[in-house]
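Chain by chain, the residues:
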Amino acid sequence: MVEIVKFSGPATGLWLCGPLMSLIDTVVIGQSSSVELAALGPGTVLCDNMSYLFMFLSVATSNFVATALAAKDKDEVQHQISILLFLGLACGVLMFFFTRFLGARALTAFTGAENVGIISAANTYVQIRGLAWPAVLIGCVAQSASLGMKDSWGPLKALSVASAVNGIGDVVLCTFLGYGIAGAAWATMASQVIAAYMMVEALNKKGYNGYLFSVPSYNDLKHIYSLAAPVFVTMISKVTFYSLLVYFATSLGIQTIAAHQVMIQIFCMCAVWAEPLSQTAQSFMPELIHGANRNLLRARMLLKSLLIIGALSGTILGSIGTSVPLLFPKAFSPDPEVIMEMHKVLIPFFIALCVTPCTSSLEGTLLAGRDVKYISLSMGVIVAFGTLLLMVLSGRGTGLSGCWWALAAFQWCRFSSALRRLTLPSGILYSDNLMPEFQVSHYTFASTCQRASCTWVWTTPVGQSFNNPA
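Residues numbered from 1 in each chain as written. Predicted model: local features only at pLDDT ≥ 70, side-chain atom pairs only at ≥ 80, totals over all residues. Heavy atoms only, no water.

1. Comments concerning the confidence of the model for the protein chain
Low-confidence regions, as indicated by low pLDDT, have predicted coordinates that should not be scrutinised in detail.
Item 1. Of all residues in the protein chain, 87% attain a pLDDT of 70 or more, and the chain-wide mean is 82.
Item 2. When mean pLDDT is compared element by element in the protein chain, helix α14 (residues 346-354) scores highest at 96, while strand β1 (residues 438-440) scores lowest at 37. (pLDDT = per-residue confidence, 0-100. Helix = DSSP H or I, 4+ residues; strand = E, 2+ residues; numbered from the N terminus.)

Here it is in structure tokens:
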């Protein structure tokens, strides 16, 4: 428990910093203009939501670095960091050119040509934020490398400094200098560049070269693809659904879009408190599910503890998250129409938020068990169902409430699907009769266990001898 607290405590701060930056932008901009507040909706979709598409870089980095460290191969750790830094840089440059040349078209297609005022302000925000794409993805890889080394304090320091820079920059540029949404974008962009620099420097202090970029080989790409592809499918499914929420909200008027922007930022700010439960499952479950000291009973007990903590934290987060816009709505916007729209979605907001920590615990356990194919397939089905429900509710004129009821259904479907998978008798937490194969360097061993006796079968590559069976 002490290990979990030491790791997950700082990890909570890591997840909070990103939504905190967007929430700061929302609060500052909301005090001056409802139009610019509404423009943050599609703007953050192109800047923040799309960054989640590259979560596969984060998952691959932490996984490969942790594996290489377990083998005590420092050269392999540096190799994995270098090739993933190159991929992060390449993806960042591509996203920079995408926002530079296609950002306005994407925003027009997303919001509709009739929302000219919103498109102009949103494009200003996107173009400035787009300058930081290479730094954002390089920082993502560097942060995940530190987490793979079980260091959550270094990245937390970097993101804390970045959040402070963003907050101060927003106040100075928006409130005192009157730059509006452009000032918020410049402040966020600067904070992201600073965070990336500090992440890379943290790697250098650990003895690794954070400025070394290596072009990955074909085998490297295949290795990354085997783990990253299902994670990418899962993340793109989530991003698609959250983007659809904004898309349907944009047809409901400026005040409704502004209200949705406020509520979705509060939701994200509260939801990230659940991510350390997922990270804890991914850090501690693999040893219990696949390790040499495999113990599925302990794994099930750990999951039970995570679910109890998740249920309690979900109730607390749901209550706090609902109370803030209910009691202090003018902190986000003085517009009475925006406030009225915010209050309409409080019930589905609570229902969607309260189950999120438990869902994170379950999905983190599935990731730890490498059941990634099921996660990606089930997420695709759930997104399809959620999209259909969203279309039906929007077609019946339910307004913003319909969007949030669809989100609540989406969250509960994720919870039910993951819980059902993990409680199956043949699931990864109940298959006591077999142990999986393990690969150790060039030698493979497998075991079959029956009651109190075990038979070990050792195999080596053709033409090689195994001189030390001990």
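2. Quick notes on the pattern of salt bridges
Item 1. For the coordinates displayed, the defined rule picks out 5 salt bridges.
Item 2. Of the charged contacts in the structure, one is a salt bridge between D48 and R129, with a shortest N-O distance of 2.6 Å. Of this pair, D48 sits in the loop between α2 (34-47) and α3 (55-70) while R129 sits in helix α5 (residues 116-130), and the two are 81 residues apart along the sequence.
Item 3. Classification of D48 as buried rests on a relative accessible area of 15%.
Item 4. Exposure remark for R129: the relative accessible area of 5% places this residue in the buried category.
Item 5. Measuring nitrogen to oxygen at the nearest pair gives 3.3 Å for the salt bridge that ties E341 to K344. (Salt bridge = Lys/Arg side-chain N within 4 Å of Asp/Glu carboxyl O. Buried < 20%, exposed > 50% of the residue type's maximum accessible area, 1.4 Å probe, protein only.)

3. Comments concerning the side chain of S243
Item 1. Secondary-structure assignment places S243 in helix α9 (residues 218-249).
Item 2. Of the polar contacts made by the side chain of S243, one reaches the backbone oxygen of V239; its length is 2.7 Å. (Polar contact = N/O pair within 3.5 Å; in protein donor to acceptor, adjacent residues only side chain to side chain.)

4. Details of α2
Item 1. Taking 1.5 Å per residue, 14 residues should reach 20 Å; α2 reaches 20 Å between its end C-alpha atoms and fits that length.
Item 2. The sharpest bend along α2 measures roughly 30° and falls at G41, with the proline P42 sitting one to four residues further on.
Item 3. With 12 of its 14 residues buried, α2 lies for the most part within the structure.
Item 4. Sitting at the head of α2, S33 places a side-chain oxygen 3.3 Å from the backbone nitrogen of V35. (Expected span 1.5 Å × (residues − 1). Bend = angle between axes of the 7 residues up to and from the residue.)

5. Digging into the nonpolar core
Soluble globular proteins tend to bury their nonpolar side chains together.
Item 1. In this structure, F54, I81, L84, F267, W404 and L407 are the most contacted members of the largest nonpolar core, which totals 97 residues.
Item 2. Counting residues per element, this core draws most heavily on helix α10 (residues 254-271), at 11 residues.
Item 3. If sequence neighbours within four positions are ignored, L84 has contacts with L57, A60, T61, F64, V141 and I224.
Item 4. Ranked by size, the runner-up nonpolar core spans 19 residues in total, among them A281, V355, L362 and A368. (Core = buried A, V, L, I, M, F, W, Y, C linked by side-chain atoms within 4.5 Å. Contact = heavy atoms within 4.5 Å.)

6. With respect to a nonpolar patch on the surface
Item 1. Together, I168, V171, V172, F176, L177 and Y179 line one region of the surface with nonpolar side chains, adding up to about 630 Å² of accessible area.
Item 2. Looking at the secondary structure, you find I168 in helix α7 (residues 153-176). (Patch = residues over 30% accessible without salt bridge, like charges linked within 9 Å, V, L, I, M, F, W, Y side chains within 5 Å. Areas by Shrake-Rupley, 256 points an atom, 1.4 Å probe, with all protein chains shown as cover.)

7. Quick notes on empty space enclosed by the protein
Item 1. All chains considered together, the criterion is met by 2 cavities of 30 Å³ or more.
Item 2. E363, L366, Y374, I375, S378, M379, I382, R414, S417 and A418 together form the lining of the largest cavity.
Item 3. At the level of elements, α15 (356-368), α16 (372-395) and α17 (399-422) are the ones that each hand at least two residues to the lining of the largest cavity.
Item 4. Element by element, the count of residues in the lining of the largest cavity is highest for α16, at 5 residues.
Item 5. Split into classes, the residues belonging to the lining of the largest cavity amount to 6 nonpolar, 2 polar and 2 charged.
Item 6. Approximately 50 Å³ is the volume found for the second largest cavity.
Item 7. Looking at the lining of the second largest cavity, the elements with two or more residues in it are α5 and α6 (133-148).
Item 8. Class assignment of the residues belonging to the lining of the second largest cavity gives a composition of 4 nonpolar, 2 polar and 1 charged. (1 Å grid on protein atoms, 1.4 Å probe; cavity = no way out; pocket = protein on both sides within 12 Å on 5 of 7 lines; lining within 4 Å. Points joined across faces, edges and corners; volume = space filled by probe spheres on them. Nonpolar A, V, L, I, M, F, W, Y, C, P; charged D, E, K, R; others polar.)

8. Here we look at the packing of α10 against helix α12 (residues 296-327)
Working note: a packed helix pair is described by the angle between its axes plus the distance between those axes.
Item 1. Interhelical geometry of α10 versus α12 gives an angle of 150° and a closest axis separation of 10 Å. In terms of orientation, α10 and α12 fall into the roughly antiparallel class. Of the two possible hands of crossing, α10 and α12 adopt the one that is right-handed. Of α12, the residues touching α10 (which contributes M263, I266 and C270) are L317, G321 and P325.
Item 2. Here the contact of α10 with α12 is built from residues that sort into 5 nonpolar, 1 polar and no charged. (Axes fitted to C-alpha atoms, helices over the stretch in contact; angles between N-to-C directions. Parallel < 35°, antiparallel > 145°, perpendicular 65-115°, else oblique. Left-handed = near helix turned anticlockwise from the far one by under 90°.)

9. Brief notes about the environment of H343
Item 1. Along the chain, H343 turns up in helix α13 (residues 336-344).
Item 2. The spatial distance from the C-alpha of H343 to the C-alpha of A259 is 9.0 Å, given a sequence separation of 84 residues.
Item 3. Excluding residues within four positions of it along the chain, H343 makes contact with P325, L326 and P329.

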